[in-house]
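Chain residues, written in single-letter form:
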Amino acid sequence: MKVLVINSGSSSLKFQLFDMQSKSVLARGLVDRIGVKGTSLLKFAVDKNKEEKEVQAGNHQEALETVMQCLVAPGKGPLTSLDEINAVGHRVLHGGKVYESVLIDESIKKIIDDCSIMGPLHNPPGLMGINAAERLLPGVPQVAVFDTAFFQTMPEKAYTYALPYDICNTYGIRRYGFHGTSHRYVVRQALQLPALAGKEKKAVALITCHLGNGCSITASIGGKAVDTSMGLTPLEGLVMGTRCGDIDPAIVPFLQKNAGMSADEMDTMMNKKSGLLGLTGISSDMRDIEEAAERGEDKAVLALDIFCYRIIKYIGAYAFAMGGVDAVCFTAGIGENSPIVRKRICKGLGRLGIVLDEEANEAAFGREAIISSPVSQVLVAVVPTNEELMIAMETAEVTAKTD
Ligand code: ADP
């Protein structure tokens, strides 16, 4: 079975084509600057052969058409015919209360459209990608894999905000959670770690830390999410590259009244000008922050401190909320590649019985590794995420169910 995975952004379309038997990637790439006349760029890779060229992509359909031409290009593409594509999996940010990956029909498209108010930057382009794929591959099953779905198992006490109940009901205000595909994949991988083999799967309590440009942390028991740090939108929770994460909500009306900032200005400030970037004025990229902290720059030292401290607080809270924790897993760009961040966090978790294996931590870059010492009471692991493969697996599963 071959599954095409599509991740549509407002001006980009990323794709990967999977062979599901071997779980291998047959081709991958992206079309960037969609709709920016004369400058759209296609990147296409099959194994180590990479191609980059300017293309005409005025919209998502033209972008996908270009990708498909490459997939079947004689001597270059991995397919002889587009008929070989058995299903298409779409990454969709917000699925509201939809709790699993689903075959797309008109009612699902309406839900995606309705949820655009909560995911204005992602849901509309997601729909564009779906419509384009439907037109170009008629009759091929299209599956939506929602970033929010993994969190639908959370109990009411974890997803309800203490605002007037009716207001929340009317506007659909609740904790939805994001990065669900990543957390689901990492949890699945972690549950297969030999180090956890002796535990009863149903009861294994995990804390997964997705630390990339966006950062989120999830508590799960037996593979089911019980709490997560992102909320109605991806703004809540940890300190991120450009997002502030948790703040006192009263700061919003305070600045609106006292600094004359509009709702849109507040939104932009909290989402795009805060986090590591806002704290330092240097960069949103953790590598730059680590380098600046190494040079002794005060703001970078403080930003690194705040970043790690927030994560320590969440891990402590989730460990208590679950009545204990069996493993803490780090994933995504920072989680997989920053021994400095992992070490600082683990140092703050000594009271949980966490003991880091410093050598293993220093050696773990972008690959699965246990980084806790054998005497540690909680396992600590680096588990690389693979959202695209997870989307492909979900797509294959949904397609098989509906066959
Ligand atoms: P996205 O959320 O966009 O998928 P990634 O998961 O790629 O992002 O993570 C990007 C983050 O990972 C950036 O802050 C980057 O600095 C950080 N990162 C990547 N490699 C390293 C490294 N070697 N050390 C520290 N941080 C790293």
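The preceding data block contains the structure.
How each quantity is defined
Residues numbered from 1 in each chain as written. Predicted model: local features only at pLDDT ≥ 70, side-chain atom pairs only at ≥ 80, totals over all residues. Heavy atoms only, no water. Pairing = 2+ DSSP bridges. Helix = DSSP H or I, 4+ residues; strand = E, 2+ residues; numbered from the N terminus. Contact = heavy atoms within 4.5 Å. Axes fitted to C-alpha atoms, helices over the stretch in contact; angles between N-to-C directions. Parallel < 35°, antiparallel > 145°, perpendicular 65-115°, else oblique. Left-handed = near helix turned anticlockwise from the far one by under 90°. 1 Å grid on protein atoms, 1.4 Å probe; cavity = no way out; pocket = protein on both sides within 12 Å on 5 of 7 lines; lining within 4 Å. Points joined across faces, edges and corners; volume = space filled by probe spheres on them. Nonpolar A, V, L, I, M, F, W, Y, C, P; charged D, E, K, R; others polar. Polar contact = N/O pair within 3.5 Å; in protein donor to acceptor, adjacent residues only side chain to side chain. Core = buried A, V, L, I, M, F, W, Y, C linked by side-chain atoms within 4.5 Å. Buried < 20%, exposed > 50% of the residue type's maximum accessible area, 1.4 Å probe, protein only. Near = heavy atom within 4 Å.

J.: Looking at this structure, how should I read the sheet that holds strand 13 (residues 369-370)?
T.: Adjacent strands of a sheet form backbone hydrogen bonds with each other and so pair up, either parallel or antiparallel. One open sheet accounts for 6 strands, arranged 11-10-9-12-14-13; its pairing is mixed. One side of each edge strand has no neighbouring strand; the edge strands of this open sheet are strand 11 (224-228) and strand 13. Each of strand 9 (205-211), strand 10 (215-221), strand 11 and strand 12 (327-331) touches helix 11 (residues 298-321); the most contacted strand, strand 10, lies at about 15 degrees to it. Contacting strand 9, strand 12 and strand 14 (379-382), helix 13 (residues 339-347) runs over the sheet at an angle of about 155 degrees to strand 12.

J.: What is the right way to look at the packing of helix 2 (residues 106-114) against helix 3 (residues 123-136) in this model?
T.: For any two helices packed against each other, one specifies the crossing angle of their axes together with the interaxial distance. Closest axis-to-axis distance for the helix 2/helix 3 pair is 8 Å, and the angle between their directions is 155 degrees. Comparing their axes, helix 3 and helix 2 come out roughly antiparallel. Viewed along their axes, helix 2 and helix 3 form a crossing whose handedness is left-handed. Listed contacts from helix 3 to Lys109, Ile112 and Asp113 of helix 2 are Asn123, Leu127, Ile130, Asn131 and Glu134.

J.: Would you explain the sheet that holds strand 1 (residues 2-8) in this entry?
T.: Strand order across the open sheet formed by 8 strands is 5-4-3-2-1-6-8-7, with mixed pairing between neighbours. The sheet is open, and its two borders are formed by strand 5 (49-54) and strand 7 (102-103), each paired with just one other strand. In terms of strand pairing, strand 6 (residues 87-92) meets strand 8 (residues 142-146) through 5 bridges, oriented parallel. Note that in strand 8 the partner of Arg91 across the bridge is Val145. This element, helix 3, spans strand 1, strand 6 and strand 8 of the sheet and lies at about 170 degrees to strand 6.

J.: How should I be thinking about the layout of surface pockets in this particular structure?
T.: Rolled over the atoms, a probe with the dimensions of a water molecule shows which regions are left empty. Considered as a void within the structure, the second largest pocket measures approximately 320 Å³ in volume. Residue lining of the second largest pocket: 16 residues in total, with Tyr99, Glu100, Phe150, Arg184 and Glu394 positioned closest to the centre. Put simply, the parts of the chain that give the lining of the second largest pocket at least two residues each are helix 6 (180-191) and helix 15 (387-402). Per-class residue counts for the lining of the second largest pocket are 5 nonpolar, 4 polar and 7 charged.

J.: Just to check I follow, could you spell out the side chain of Lys109 for this structure?
T.: As for its position among the elements, Lys109 is in helix 2. At 2.8 Å, the side chain of Lys109 forms a polar contact with the side chain of Asn131. At 2.7 Å, the side chain of Lys109 forms a polar contact with the side chain of Glu134. Discounting residues that sit within four places of it in the chain, Lys109 has contacts with Ile104, Leu127, Ile130, Asn131 and Glu134.

J.: So what exactly am I meant to see when it comes to the pairing of strand 4 (residues 41-46) here?
T.: Regular strands show a simple pattern: their side chains alternate between the two faces of the sheet. Direction of pairing for strand 3 (residues 24-32) relative to strand 4: antiparallel, over a ladder of 5 bridges. Looking at strand 4, one finds that Val31 is bridged to Leu42. In terms of strand pairing, strand 4 meets strand 5 through 6 bridges, oriented antiparallel. Across the sheet, residue Leu41 finds its bridge partner in strand 5, namely Glu54. A loop of 2 residues connects strand 4 with strand 5, the two strands running antiparallel in sequence, and Asp47 in this loop sits at a positive phi of about 50 degrees.

J.: When you look at the nonpolar core in this model, what are you seeing that I'm missing?
T.: Grouped burial of nonpolar side chains is what soluble globular proteins tend to show. Ile207, Leu211, Phe307 and Ile345 are the most contacted members of the largest nonpolar core, which totals 47 residues. For this core, the elements supplying multiple residues, two or more each, are strand 9, strand 10, helix 10 (286-294), helix 11, strand 12, helix 13 and strand 14. Among the elements that take part in this core, helix 11 stands out by supplying 11 residues, more than any other. Once residues within four sequence positions are removed from consideration, Ile345 is found in contact with Leu211, Cys308, Ile311, Ile312, Ile315 and Phe330. Core analysis: the second largest hydrophobic core is formed by 26 residues, Phe15, Ile34, Val67 and Val140 among them.

J.: Please clarify how the site of the ligand should be interpreted in this entry.
T.: Contacts to the ligand come from Gly212, Asn213, Gly214, Asp285, Met286, Arg287, Glu290, Ala332, Gly333, Ile334, Asn337 and Ser338. Within the side chain of Asp285, one N or O atom sits 2.3 Å away from an oxygen atom of the ligand. A distance of 2.9 Å separates an oxygen atom of the ligand from a polar backbone atom of Gly333. At the level of secondary structure, the elements contributing two or more residues to the shell around the ligand comprise helix 10 and helix 12 (332-337). With 4 residues, the top contributor of residues to the shell around the ligand is helix 12. Looking at the shell around the ligand residue by residue, the classes come out as 3 nonpolar, 6 polar and 3 charged.

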